[in-house]
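Report on the structure
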Amino acid sequence: VMQAHLPGQAWDGTSCFNFVKELVSRYYGEPNRNVFRANEIISMSSAAAATFDDKLSVFRFIASVPMSVFKNASAIQWMRAKHVLGYPESKEGPRLFCMLNLSVEQSAKLAKALKARPDGRVAPTSALIYSAVKAYRDETGELPYCVPIQASLQTRAYEPLVKERAFVGDWLIAPLHRVRAAGKKVYTIADAQEAYKTLLDDLASCQKSVKRAFYARVFGVKKGGAATFEKEPTYADDNRLCDSVFFNNYGVRTIHEKAQCVSFNWSGAGKLNCNCILINGRICIVFASQTLPLPRLERIRDRAAETLAALANGQ
């Protein structure tokens, strides 16, 4: 068992994973000497820089910041007011979390079923988002304001492309998938799939939600690190984390096979945090919160597990 407290103010979450992966690899005598050389090897592409530096886009974003900060701050103050009025679950406290770790067989079955859906292929990320949003709605009685989806610009806005994604650094942004904020009354797996496709398009072009997320990071009072900057009421986009589902999926990753890794779990911010990774063929998920008590969090975890099991069975 390894438990690590890493510099989340300086590295993004993916980099914290990469550090742990490199630590294990070096234990087995297989170092990657490039892990800490990102600044020497990659740099932002001229196309991405030109997109982000567009003056009109910058001015438009800056004009929206006061309203975004107002929405974030008002959400926090309303949460605190509810606590004063007797709602015990509206006070922020220590972060609690519970895990949902699937076996290799369960993970493979889910992936196969998602590819074979009669209504069209669904990405695993979409299924995970859907299961988290559905569980949140079932437990709280309402949809989340939005889903800030954590994304890295390392392979999208920097060149040359290094597909192994092994660097340690800070490239995190959080494009918003608006749910209740977009007027949605119901939420389907098709909504999650559409959000994922839109995110991939925006990442490829560094436009729309990705450009806005980049500005939100740059113009916020607190900047960088493993998503702690997104929790601040002065965050420059209206993520309202105390009213939203914070989502992160590292995707397909590996740890040295000799370590016989069976799970990798870490938690994040928000009223409900859902962090996911496919590590050595196993889907590992954490549900965390600083406001919901553990019994409610466990019910959310169990509802998400039921949804994923239903999807794995072709439902």
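The structure we're discussing is the one just above.
Residues numbered from 1 in each chain as written. Predicted model: local features only at pLDDT ≥ 70, side-chain atom pairs only at ≥ 80, totals over all residues. Heavy atoms only, no water.

Examining the pattern of salt bridges
Across all of its chains, the model carries 18 salt bridges by this definition. With its nearest N and O atoms 3.6 Å apart, the salt bridge here joins Arg-178 to Asp-237. Of this pair, Arg-178 sits in strand 7 (residues 176-178) while Asp-237 sits in the loop between helix 8 (208-219) and strand 8 (245-253), and the two are 59 residues apart along the sequence. Overall, Arg-178 belongs to the partly exposed group, its relative accessible area being 29%. A salt bridge links Asp-243 to Arg-180; its shortest N-O distance comes to 2.4 Å. In this pair, Asp-243 sits in the loop between helix 8 and strand 8 while Arg-180 sits in the loop between strand 7 and helix 7 (189-205), placing the two residues 63 residues apart along the sequence. What makes Arg-180 partly exposed here is its relative accessible area of 29%. Connected through shared salt-bridge partners, Lys-71, Arg-178, Arg-212, Asp-237 and Asp-238 make up one network. (Salt bridge = Lys/Arg side-chain N within 4 Å of Asp/Glu carboxyl O. Helix = DSSP H or I, 4+ residues; strand = E, 2+ residues; numbered from the N terminus. Buried < 20%, exposed > 50% of the residue type's maximum accessible area, 1.4 Å probe, protein only.)

Structural notes on the sheet that holds strand 9 (residues 272-279)
One open sheet holds the four strands; their spatial order is 2-10-9-8, and the pairing between them is mixed. With one partner strand each, in any of the chains shown, strand 2 (96-101) and strand 8 form the two edges of the open sheet. Here the average twist between neighbouring strands, direction ignored, is 15°. Relative to strand 10 (residues 282-289), strand 9 runs antiparallel, the two sharing seven bridges. Its bridge partner being in strand 10, Ile-277 is matched across the sheet by Cys-284. Contacting strand 8 and strand 9, helix 1 (residues 13-27) crosses the sheet at an angle of about 35° to strand 8. Sheet contacts for helix 9 (residues 294-312): strand 2, strand 9 and strand 10; angle to strand 2, the most-contacted strand, approximately 20°. (Pairing = 2+ DSSP bridges. Axes fitted to C-alpha atoms, helices over the stretch in contact; angles between N-to-C directions. Contact = heavy atoms within 4.5 Å.)

Any functional reading would require information that these geometric values do not contain.
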